[in-house]
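The primary structure of each chain is shown beneath.
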Amino acid sequence: MLPLCKPPHSNLGYILSTLDSKFLTLKQLQQIHSLILTNGHLASTPLITTFLYSCYHSRNPSYALQFVYNLPSSFSKPSLWGSMIKTSLESNNLRDFFTCYDVMMRCRNYDANIPSVGMFASIFQYGAKVGDAQLGRLFHCVVVKWGFDSDLVLQTGLLDFYAKIGDLRSAKKVFEEMSQRDVVACNVMISVLGKHGLIEDARVLFDSMLEKDSYSWNSMVSCYFKIGDIDSARLLFDKNPVKNTISWNVLIDGYSKCGYLNNADNFEDFVTLYNRMRFSDVRPSQTILSLILHCCASFCASQLGKTVHGEILKWNFNHDVVLQTGLLDFYSKIGDLSSAKKVFDEMSHRDIVANNAMISALSKHGFVKDAQKLFNSMDEKNSVTWNSMITCYSKIGDIESARFTFDSNPVKDIVSWNAMIDGYCKSGHLNHAEELFHKTEVKNPVTWNTMIAGFVQDKEFLKALRFFDHMQDERVRPTEVTMVSLLTACAHLGALDMGEWIHGYIKKNKLKIDAILGNALIDMYSKCGSISDAVDVFHKLQSKNIYCWNSIIVGLAMHGYGNEAIEYFLSMKKEGVKPDGVTFIGLLCGCSHSGLISEGKMYFSKMETDYGIEPGIEHFGCMVDLLGRSGLLLKALELITKMPLKPNAVVWGSLLRSCHIHKDTELGEHVTQRLLELDPYDSGNYVFLSNLYASLSRWKDVDRCRKLMMENGVQKVPGWSSIEVENVVYEFVAGDSLHPEFEEINGVLVEIGKRLKEGGYEADTGGVLHDIDEEEKEMSVGYHSERIAVAFGLLRIPFGKVIRVVKNLRTCDDCHNAMKIISKVYEREIVMRDRNRFHHFKNGVCSCKDYW
């Protein structure tokens, strides 16, 4: 406690220094009061105001009231009352405020200048700040009673108060009743109109203003951003003749919140905008520089980011921890870990956010031990810290350390659970992920999305769709990310009905179809056999990236529309989109499936010369397929022997399929030998050679192949076919008799056999691998999985609807011929996706023109 005794020579400096103490007792305040009274020449309004503040800070407001109340009439009490009222409001003590106000009003009998305009302005300012609508409205009535309602300052204060508590009606009334509307009042009104979405009214008021300051322009720009009208906001910004730092801050912050800066297509415009700001003699704020850094990090814009780093040094912001952390994140995301470390080492103060960013950077670049060392050195850790380490371990596949960190985390939040579930999913431990998922008490959309994406990644597509059903049962709103995963599942399953339902859900719930979701829709429709819908989605996309173009070109190629794939490739060039390796895979596949030999050769030769893309193993595989299918087997073999890359199983496999098509046993045996050298455990190689021998009735060679498979422990991959009926996907294998409706299906198969013979069908039993009589062979091919799936479709899918079947292997010649006749005699369109491409059977004809 501060001792206080009367000094030999009392002076103003001593009294003021004593009042600066944080806390004084009532006795000490009384002693100072005595000093002021006994040294009348020291008494002044500033000293008395300081004394009153000290009373409040020492929690003796009642003594302050007593002090003012007993002051001689020579002092200007209105200013003192105003000071006390302001102090009580700043202390957020309404009880002291009303006590003070009550005492002040009792003094009105002695001073006609009480109350004052300034005092009411403080009250309205406080009401606006804390959102106390009742207090503000109460004193609005008091202002009217005392006749201050025509005062411009108070009217503006009232307008601001009603604006900030969201009372548009009262704000409008105050504004309309103002005797004079200055620029400040108009600015407040523009803000409140914009806040309530009345942009047209705000613009009318803005245009009517004879005088506009920077705040006027900034408020109007902000209004447009609030409704997402980026173009109008930018147009108004460009017209603003009084731009300042806040103007640029409003523009860049508006762009950020509207998602404009999330789109790579807008990045060039953003760079131009930033350069304009740099050369306009405007000192950028830390907020602007932070937003720009974030944008540079998102798009890996290394040059611009380094320029921003220079600006930070130029404006002496290099000690700002937020900007330093932003720089650290930027350098990490562009892959410059040494610069990220340098920024981190130079930080004078490293808060928990900076440490977390550094752990994330080290984790991203695989420096797990360094990340762990920093983690262990941190005195303060939050959920982000623990989650970063969980993610760090998960990335390198150390799932045990990730789980240990998760279990040790004392501040688990939903992100912690999601990070651990994601770690399990990405490491292929779906059972542990699902177990943890069910233990999570609070789940958000990310939790569900992570599990659904995990099932898709693990090719558990049916489980992904079932999880989505559970998600709906729990009334969790799906996001765009959910839709992308589900569409991927539908694409692999060929589940068009479910895919169409998801597309409808996206439209109904107005989810944003950006390039990523649009690409997923294109891919789904293409792989589910509806290429027309894929094309429709493609053309409706407002923004298309390289992946969208590739998906539509590959989709057209899969469906045998080689010429159309070329047309889209040419359109892609006109749009200024640079093709990549995937583009040419689609292009060459399209040429191969459509027999466009010269076109395929031309584009293959132009890949490197015209587009700077070095052909990869996949492109050589496409060319071998193109030449082989067209019967140019020796040309295909020559290409393989001369290619600069070591041919893999895919390349030799393409040639082997061509040998089977063209019945070239000698070359087929040579190719198979190469394949068996590359992978002696791939059953497909044995099956292709066996089929080739079987087609030529070389049964001893077929048996030799079978024995060789058994000796090497190789098992044939079972063929299966799937079909979607009423949003449920059914799978069948060859000779499948376990289905609960098999008797009905078998009845349809028998009927199909009869009608096929009536339609002129003769079974092609050349591919049957057993030396059995022809009748048994016919029975064997008659129960291939795709035949069973189609029979089930005829049984369950209404007439007029397309029957869609997905097969995991290449469809055999016999089934291909049978499908053509079934489509004609049953007047049904059948769309089949096998391992290589799509077949559209209609009126006895296949879209592949028997070239597959």
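Residues numbered from 1 in each chain as written. Predicted model: local features only at pLDDT ≥ 70, side-chain atom pairs only at ≥ 80, totals over all residues. Heavy atoms only, no water.

Examining the overall build of the chain
- For the chain, the count of helices and strands is 46 helices and 6 strands.
- When each of the 852 residues of the chain is scored for burial, the buried share is 50%.
- Carbon and sulfur atoms make up 52% of the accessible area of the chain, which amounts to about 41600 Å² in all. (Helix = DSSP H or I, 4+ residues; strand = E, 2+ residues; numbered from the N terminus. Buried < 20%, exposed > 50% of the residue type's maximum accessible area, 1.4 Å probe, protein only. Areas by Shrake-Rupley, 256 points an atom, 1.4 Å probe, with all protein chains shown as cover.)

A closer look at the environment of His 365
- Here His 365 shows up in the loop between helix H21 (352-364) and helix H22 (368-377).
- Between the C-alpha atom of His 365 and that of Leu 337, which follows or precedes it by 28 residues, the distance is 7.6 Å.
- Those residues in contact with His 365 that lie beyond four places of it in its chain are Ser 332, Gly 335 and Leu 337. (Contact = heavy atoms within 4.5 Å.)

Some details on the UniProt feature "repeat: PPR" (unreviewed entry) in the chain
- Under the local residue numbering, the UniProt record ascribes the feature "repeat: PPR" (unreviewed entry) to residues 182-216, 351-385, 413-443, 444-478 and 545-579.
- Regarding residues 182-216, the helix share stands at 74% and the strand share at 0%, and the terminal C-alpha atoms are separated by 11 Å.
- Strand forms 0% of residues 413-443 and helix 74%; the C-alpha atoms that close the span are 10 Å apart. (UniProt positions renumbered as here; feature names shortened; annotations may be inferred.)

Examining the packing of aromatic side chains
- For the structure on display, the rule yields 22 aromatic pairs.
- Their ring planes at 55 degrees and their centres at 4.9 Å tell us that Phe 161 and Tyr 162 sit as a pair that is tilted.
- A relative accessible area of 4% places Tyr 162 in the buried class.
- Taking the centre distance of 5.1 Å and the plane angle of 85 degrees together, the rings of Phe 206 and Trp 217 count as edge-to-face. Of this pair, Phe 206 sits in helix H12 (residues 199-208) while Trp 217 sits in helix H13 (residues 214-226), and the two are 11 residues apart along the sequence. In terms of burial, Phe 206 and Trp 217 fall into one category: buried.
- Through pairs of rings, three or more aromatic residues link up here, namely Phe 437, Trp 448, Phe 455 and Phe 467. (Phe/Tyr/Trp six-rings, centres within 6.5 Å; stacked < 30°, edge-to-face > 60°.)

With respect to the pattern of salt bridges
- All chains considered together, the criterion is met by 26 salt bridges.
- Between Arg 234 and Asp 238 there is a salt bridge, with the nearest N and O atoms lying 3.5 Å from each other. Of this pair, Arg 234 and Asp 238 both sit in helix H14 (residues 230-239), 4 residues apart, roughly one helical turn.
- The partner of Arg 787 in a salt bridge is Asp 814, with the nearest N and O atoms 2.3 Å apart. With Arg 787 in helix H45 (residues 785-796) and Asp 814 in helix H46 (residues 813-825), this residue pair connects regions lying 27 residues apart in the sequence. The same class applies to Arg 787 as to Asp 814, namely buried.
- Linked through salt bridges whose partners overlap, the residues forming this network are Arg 234, Asp 238, Asp 269 and Arg 276. (Salt bridge = Lys/Arg side-chain N within 4 Å of Asp/Glu carboxyl O.)

Focus on the environment of Lys 164
- Looking at where Lys 164 falls in the secondary structure, it is placed in helix H9 (residues 152-164).
- Measuring from C-alpha to C-alpha, the distance between Lys 164 and Lys 129 comes to 7.8 Å, with 35 residues separating the pair along the chain.
- Setting aside anything within four residues of it in sequence, one finds Lys 164 in contact with Ala 128 and Lys 195.

Considerations on H12
- Turning to H12, its buried residues are Ile 199, Ala 202, Leu 205 and Phe 206. Angularly, the buried residues of H12 cover 125 degrees about the axis, an arc narrow enough to put them on a single face. Of the residues in H12, the exposed ones pointing more than 90 degrees away from the buried face are Glu 200 and Val 204. (Arc of directions from axis to C-beta.)

Re unusual backbone geometry
- Even without a glycine there, the phi angle at Cys 300 is positive, about 50 degrees.
- Even without being glycine, Asn 316 reaches a positive phi, approximately 60 degrees.
- The residue Asn 316 is located in the loop between helix H18 (302-314) and helix H19 (321-333) in this model.
- The exposure class assigned to Asn 316 is exposed, which follows from its relative accessible area of 57%.

Quick notes on the sheet that holds strand E5 (residues 838-842)
- In spatial order, the strands read E2-E1-E3-E4-E5-E6; together these 6 strands make up an open sheet with mixed pairing. Two strands lie at the open edges of the sheet, namely strand E2 (728-733) and strand E6 (845-846), each paired on one side alone.
- Both strand E3 (residues 803-807) and strand E4 (residues 830-833) contribute to a ladder of 4 bridges, which runs parallel. Each residue of the ladder has a partner; that of Val 806, found in E4, is Arg 833. (Pairing = 2+ DSSP bridges.)

Describing the packing of helix H43 (residues 742-758) against H46
- Two numbers describe how H43 lies on H46: the axes approach to 10 Å, and their chain directions differ by 90 degrees. Taken together, H43 and H46 sit at an angle that is classed as roughly perpendicular. Residues Ile 752, Arg 755 and Leu 756 of H43 lie in contact with H46, whose contacting residues are Ala 818, Ile 821, Ile 822 and Val 825.
- Residues belonging to the contact of H43 with H46 are distributed by class as follows: 6 nonpolar, no polar and 1 charged. (Axes fitted to C-alpha atoms, helices over the stretch in contact; angles between N-to-C directions. Parallel < 35°, antiparallel > 145°, perpendicular 65-115°, else oblique. Nonpolar A, V, L, I, M, F, W, Y, C, P; charged D, E, K, R; others polar.)

Notes on the state of the cysteines
- Tallied over the full model, the rule gives 0 disulfides.
- Of all cysteine sulfurs in the structure, the one in Cys 296 sits closest to Cys 295, which takes part in no disulfide; the separation is 5.9 Å. (Disulfide = S-S within 2.5 Å.)

Some details on the pairing of strand E1 (residues 720-725)
- Most of E1 is tucked away: 5 of the 6 residues are buried.
- Bridge count between E1 and E2: 6 bridges; the pairing is antiparallel. By the bridge assignment for E2, Ser 721 is matched with Phe 732.
- Counting the residues between successive antiparallel strands, the hairpin from E1 to E2 contains 2 residues, one of them, Glu 726, with a positive phi of roughly 50 degrees.
- Strand direction decides the pairing type here: E1 and E3, joined by 3 bridges, are antiparallel. In the strand pairing of E3, Ser 721 is matched with Lys 807.

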